[in-house]
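The residues making up each chain are set out below.
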Amino acid sequence: MANIEALKKSRKNERAAFRKAYNRVEELIELKVFKGKVDRLENTHSNILELLSEKDYDEEFEIVEDFRDKATRIQTKARRMINGQQNTLKIKIKVKNCSLIVRAMYDSGSQKSYIRKEMVSALGLAPLRQQHLPHALFGGERIKEKFYNVYNIELGSLDGSFNYNNFNKWIFID
């Protein structure tokens, strides 16, 4: 009986991985369809611009450029989202004699910064203190308040040209 439970658990994980991959492929297909539409529109714009008088050309060209800019922005944004790179950057986290290069997600609207427990463990961090912290979800719903560990770390760019070492607001969420 234990074997069937292990298989069911494995099936659940494999189905989740399948759904994730399926959704990513579907997004890539949609992006390719969008690219085809952009290319057709660009071709139509070019044909029209060739036929316009000099007087009408400038006004139409501005409209065409606006469409080009929008298409480039949305394609770039879609690729970043599909690749999981939206609002992320690679940084170096340094503590004493240890450093790690990680992909960090940044949120300019967040009031706190968080670090995964795996990073805390890998860096051998010891908490500076604990902080009582309430969390609110979308719509203002509150979840149970609890204490979180606060750590001091140094952040830096990969090439070493920028370091920020007054960053003692990192909170460990388990």
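This text goes with the structure placed above it.
Owing to the predicted nature of the structure, the values given are computational and were not obtained by experimental measurement. (Residues numbered from 1 in each chain as written. Predicted model: local features only at pLDDT ≥ 70, side-chain atom pairs only at ≥ 80, totals over all residues. Heavy atoms only, no water.)

Visitor: Help me understand the side chain of H45, please; the structure alone is not making it clear to me.
Guide: By secondary structure assignment, the location of H45 is in helix α1 (residues 2–51). In this structure H45 touches E60, V64 and F67, once residues within four positions along its chain are discounted. (Helix = DSSP H or I, 4+ residues; strand = E, 2+ residues; numbered from the N terminus. Contact = heavy atoms within 4.5 Å.)

Visitor: Whenever I open this one, the nonpolar core confuses me. Can you help?
Guide: Nonpolar side chains in soluble globular proteins tend to be buried together. Of all hydrophobic cores here, the largest spans 12 residues; its members are I91, I93, V95, V102, A104, I115, V120, L123, L125, Y151, I153 and L155. For this core, the secondary-structure elements that each account for two or more residues are β1 (88–95), β2 (98–105), α3 (117–123) and β5 (142–156). In this view, A104 contacts N87, T88, L89 and I91; residues no more than four positions away in its chain are not counted. (Core = buried A, V, L, I, M, F, W, Y, C linked by side-chain atoms within 4.5 Å. Buried < 20%, exposed > 50% of the residue type's maximum accessible area, 1.4 Å probe, protein only.)

Visitor: Even after reading the chapter, I still don't get helix α2 (residues 54–82), so can you show me in this structure?
Guide: One turn of the α-helix equals 3.6 residues, which is why residues spaced by three or four share an orientation. For α2, built from 29 residues, the straight-helix expectation of 42 Å at 1.5 Å per residue is met to within 8% by its first-to-last C-alpha distance of 42 Å. When we look at burial in α2, the residues that qualify are V64, A71, Q75 and I82. (Expected span 1.5 Å × (residues − 1).)

Visitor: Looking at this model, I keep getting lost on the pattern of salt bridges. Mind explaining?
Guide: Pairs can form between side chains of opposite charge whenever their charged atoms are close. Considering all chains together, one arrives at six salt bridges under this definition. Taking the shortest distance from any N to any O, the salt bridge between E154 and K94 comes out at 3.5 Å. Taken as a pair, E154 in strand β5 and K94 in strand β1 lie far apart in primary sequence, 60 residues in all. Accessibility expressed as a relative area gives 23% for E154, which makes it partly exposed. (Salt bridge = Lys/Arg side-chain N within 4 Å of Asp/Glu carboxyl O.)

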